[in-house]
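Notes for the structure review
Chain residues, written in single-letter form:
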Amino acid sequence: MPTKTIAISYEGEGSMIQRPDPEGFRQWNRKKNKRLVDKLMTDEEAIERFVKSGDYLGFELYGTVRCPMTLTRALVRSGKTDFRVAGQGVHELDMLLATDRIREIDFTYIGLEVYGVDSNVRRAVESGKVKNVVEWSNAAITWRFKAAAMGVPFIPAKSMLGTDTLRRSAAKVIECPFTGEKVCLIPALVLDVGFIHVSRADKHGNSQIDGISGFAFEMSRACKRLVVSAEEIIETDEIRAHPDRTIIPYYLVDSVVHAPYGSWPGEMAGYYERDEEHYKMYVEKQATAEGMAGYVQEWIFDLPNHKALLEKVGMDHLRGLNIRGDWL
Amino acid sequence: MSEKYSSSELLICLASRIMEDGTTAFIGTGIPMLAASLAQSMHAPNLVAVFEFGGTGAILEKLPLAVGDMRTFNKAVHASGICDIMETSQRGFIEYGFLGGAQIDMYGNLNSTAIGDVLHPKVRLPGSGGGNDVGSCCWRTIAVMPHDKRRFVQKIDFVTTPGYLTGPGAREEAGLPHGTGPYRVVTSLGVLGYDDKTKRMKLLSVNPGVTVEKVVENTGFDLLLEKEISHNPPPTDQELDILRTKIDPDGLYR
């Protein structure tokens, strides 16, 4: 058989912040604990045990929607820093950008949606505090997780082709060996640590999510370590009664944190609405560096833990956001 | 009925009228969402709204504030995730895609990444998000934006989202799916389309009180003109009533 080579017709000039390594990931996954053990712990303990400075981090879902804010605040309080992140985010990345914890970003979208451009990302990127920014589209970054979840080094796609987004990415273009058309090769992305806020989990980490699942399915399978926070902790019997509801099985999970209102001030489908009053106040504060520093001091550093946050916000106020009866 | 509506309300009505019934539209937050909702109430009850983080076929009763919020799958037919939505678009199921940006050029390429050099940006913008994916794989994209010379420029600083790239054949040459691309630009001054042959932007119609000269003056590149440029009717009483009482009772977009 004659050998043929597939030519790379284009290479993005962005750097590969986290290299695909499916063989290494297989070895890692082989060693992951498959026993049903109790993984319940506090947010502080989860961050202390499973995150180290310099790690590559990812957060699900998006902006102010089912966003792991309790875990984010604990991460900021921990003082750990020098992170690399997959950057589809809004509220959680704001907290890390404002406290200078991010060194490099695989960037898809950081903005305030209907409220416009994000001042934190402007300050951090325009000043050069963030050392390296590599561009991707939302589909591309999610397919990077999907490739990792599939255990392969890349998957081909029809996004980013022909654009500066591709030029500033670390993707490559080849001609498909089957059809001859150009395809963009999206490299696998394995996170050192992923953070996902879910509706319900048992103490082992089996997790259910109400409503859209965003990219929880793919990202949870693309993490070396995964920290889950949950509105409710339920019995394993309930998980086993509805196994079709489990989107993240326990063996992917390293830590389970009970965090009611864990997406606050964001929303949680089936539980509570976004705290629009707080969020509007936040949007004003983040416009200036001083305002943002004050916000972070008041809402993160001045509070020792999640319980203190809930007390500061006030249970009456939080219940006012509920779209269902009390679950605490 | 003139001057009884805001500029946002006009954009919403113009975008709404473009969408046909019985098809699919990839919707972002803001004006496209209101336009899709209005279209559902007016002429397109079977318009399927698709939101990138997993909502398909929602009944758009309350305004979503984020592309993943629970209103994007209110009474929907499916709540899945971003891979499902992006893959559905990639295999040709999504007709319309809405886009926005800080800059647009004559081929409908859009910049939402940076003003100035992307490595040392004067203004770092929010980035592609799903914009590039919508512009790559939806059949027909509709950009909605204010119309002025700062936005409608000869050369955009960064091609975040593909329009017709450098002209005829460029999308196919780059590997993008055949038959896809920019369809309309709905602006504060009028509605624009693209010339079949040259793929360059072309003025189709002007908004109430706007002259062709004003559109040309506010465009930073050589704009093609349709032979007979029509006048967009202002929002009707019925459109305004639905918008104000049903879709946006809080007046966020008034």
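1. So, the overall build of chain A
What chain A contains, in helices and strands, is 13 helices and 13 strands. Referenced to the eigenvectors of the C-alpha coordinate spread, the extents of chain A come out at roughly 70 × 50 × 35 Å. The buried share of chain A, taken over its 328 residues, is 52%. Of all intrachain contacts in chain A linking residues separated by at least 6 positions in sequence, the fraction that spans at least 24 positions is 76%.

2. Description of the nonpolar core
In this structure, A:Val228, B:Ile12, B:Ala36 and B:Ala49 are the most contacted members of the largest nonpolar core, which totals 171 residues. If one sorts the elements of this core by residue count, helix H6 (residues 138-150) of chain A sits on top with eight residues. Discounting residues that sit within four places of it in the chain, A:Val228 has contacts with A:Ile196, A:Val198, A:Ala201, A:Gly205, A:Ser207, A:Ile248, A:Val253, A:Ser255 and A:Val256.

3. Some points on the interface of chain A and chain B
The interface of chain A with chain B comprises 48 residues on the first partner and 47 residues on the second. If you list the elements that add at least two residues to the side of chain A that touches chain B, you get strand S4 (102-110), helix H5 (119-126), H6, helix H7 (164-167), strand S8 (182-187) and helix H8 (216-220) of chain A. Taken together, the residues of the side of chain A that touches chain B break down into 20 nonpolar, 14 polar and 14 charged.

4. Some thoughts on the packing of helix H4 (residues 91-98) of chain A against H5(A)
Two numbers describe a pair of packed helices, the interaxial angle and the distance between the axes. Residue and element names in this part refer to chain A. Relative to each other, H4 and H5 sit at 40°, their axes nearing to 9 Å. Compared by their axis directions, H4 and H5 come out oblique. The way H4 lies across H5 gives a crossing that is left-handed. Where H4 abuts H5, its residues Asp94, Leu97 and Ala98 lie against Asn120, Val121 and Ala124. Tallied by class, the residues present in the contact of H4 with H5 amount to four nonpolar, one polar and one charged.

5. Quick look at the packing of helix H3 (residues 69-78) of chain A against H4(A)
Residue and element names in this part refer to chain A. In the contact formed by H3 and H4, the axes pass within 10 Å of each other and the chain directions differ by 5°. Between H3 and H4, the crossing angle belongs to the class labelled roughly parallel. Facing Met69, Thr72, Arg73 and Val76 of H3, the residues of H4 in contact are His91, Glu92, Met95 and Leu96. Of the residues belonging to the contact of H3 with H4, the class tally is four nonpolar, two polar and two charged.

6. Description of unusual backbone geometry
With an omega dihedral of -5°, the bond running from A:Glu60 to A:Leu61 counts as a cis peptide bond. Residues A:Trp264 and A:Pro265 are joined by a peptide bond in cis, for which omega reads 10°. Residue position: A:Pro265 is located in the loop between strand S13 (255-258) and helix H10 (276-285). A positive phi angle is found at B:Lys75, which is not glycine, with a value near 50°. Along the chain, B:Lys75 falls in the loop between strand S3 (55-56) and strand S4 (78-79). The class of B:Lys75 is exposed, set by 10 C-beta atoms lying within 10 Å.

7. Some remarks on H5(A)
One turn of an α-helix holds 3.6 residues; hence residues three or four places apart share an orientation. All buried positions along H5(A) are accounted for by A:Ser119, A:Asn120, A:Val121, A:Ala124 and A:Val125. As for H5(A), its buried residues are in contact with H4, S4, strand S5 (132-135) and helix H11 (289-301) of chain A together with strand S9 (123-124) of chain B. The positive-phi residue at the C-terminal boundary of H5(A) is A:Gly128, with phi of around 85°.

8. Description of the sheet that holds strand S7 (residues 172-175) of chain A
Residues and elements named next belong to chain A. Pairing is antiparallel in the open sheet, where four strands are placed in the order S1-S7-S8-S6. Each having just a single partner strand, strand S1 (8-11) and strand S6 (154-157) make up the two edges of the open sheet. Within this sheet the neighbouring strands show an average axis-to-axis angle of 30°, counted without direction. Pairing analysis gives three bridges linking S1 to S7, with the strands arranged antiparallel. Looking at S7, one finds that Tyr10 is bridged to Val173. In this fold H6 packs onto S6 and S8, with an angle of close to 140° to the strand it touches most, S6.

9. Points about H4(A)
Residues and elements named next belong to chain A. Here H4 lies mainly inside the structure; eight of its eight residues are buried. Restricting attention to buried positions, one finds in H4 the residues His91, Glu92, Leu93, Asp94, Met95, Leu96, Leu97 and Ala98. In this fold, the buried residues of H4 make contact with strand S2 (56-59), H3, strand S3 (83-89), S4, H5 and H11. A positive phi of about 55° marks Asp100, the residue just after H4.

10. Topic: the confidence of the model for chain B
On average, residues of chain B score 95 in pLDDT, and 99% of them are at 70 or above. The ipTM value of the predicted complex is 0.97, and its pTM value is 0.97.

11. A short note on the pairing of strand S11 (residues 181-187) of chain B
Taken across its seven residues, S11(B) has six buried, putting it largely inside the fold. Hairpin connection from S11(B) to strand S12 (residues 190-194) of chain B: two residues lie between these consecutive antiparallel strands.

Cut-offs applied
As a convention, each chain's residues are numbered from 1 in the sequence order in which they are written. For naming, the first written chain is A and the first written ligand is 1, with later ones following in the order written. Local features in this predicted model are restricted to residues whose pLDDT is 70 or higher, and side-chain atom pairs enter the listing and the counts only when it is 80 or higher, whereas totals over whole chains, interfaces and linings include all residues. Numbering of helices and strands runs from the N terminus, with a helix taken as a DSSP run of H or I at least four residues long and a strand as a DSSP run of E at least two residues long. As a rule, residues whose C-beta atom has 12 or fewer other C-beta atoms within 10 Å are exposed, those with 20 or more are buried, and those in between are partly exposed; C-beta atoms are placed from the backbone. A pair of residues counts as a contact when their C-beta atoms, built from backbone coordinates, are separated by no more than 7 Å. By definition, a nonpolar core groups buried Ala, Val, Leu, Ile, Met, Phe, Trp, Tyr and Cys residues that are joined through C-beta atoms within 7 Å. Put simply, Ala, Val, Leu, Ile, Met, Phe, Trp, Tyr, Cys and Pro go in the nonpolar bin, Asp, Glu, Lys and Arg in the charged bin, and everything else, Gly too, in the polar bin. What counts as an axis is a line fitted to C-alpha atoms, over the stretch in contact for a helix, and the angles between N-to-C directions run from 0 to 180 degrees. What sets the label is the angle itself: under 35 degrees gives roughly parallel, over 145 gives roughly antiparallel, 65 to 115 gives roughly perpendicular, and the rest give oblique. Crossing handedness is defined as follows: a turn of the near helix away from the far one that is anticlockwise and smaller than a right angle gives a left-handed crossing, while the clockwise case is right-handed. Two strands pair if DSSP finds at least two bridges between them. Predictor confidence is given residue by residue as pLDDT, running from a minimum of 0 to a maximum of 100.

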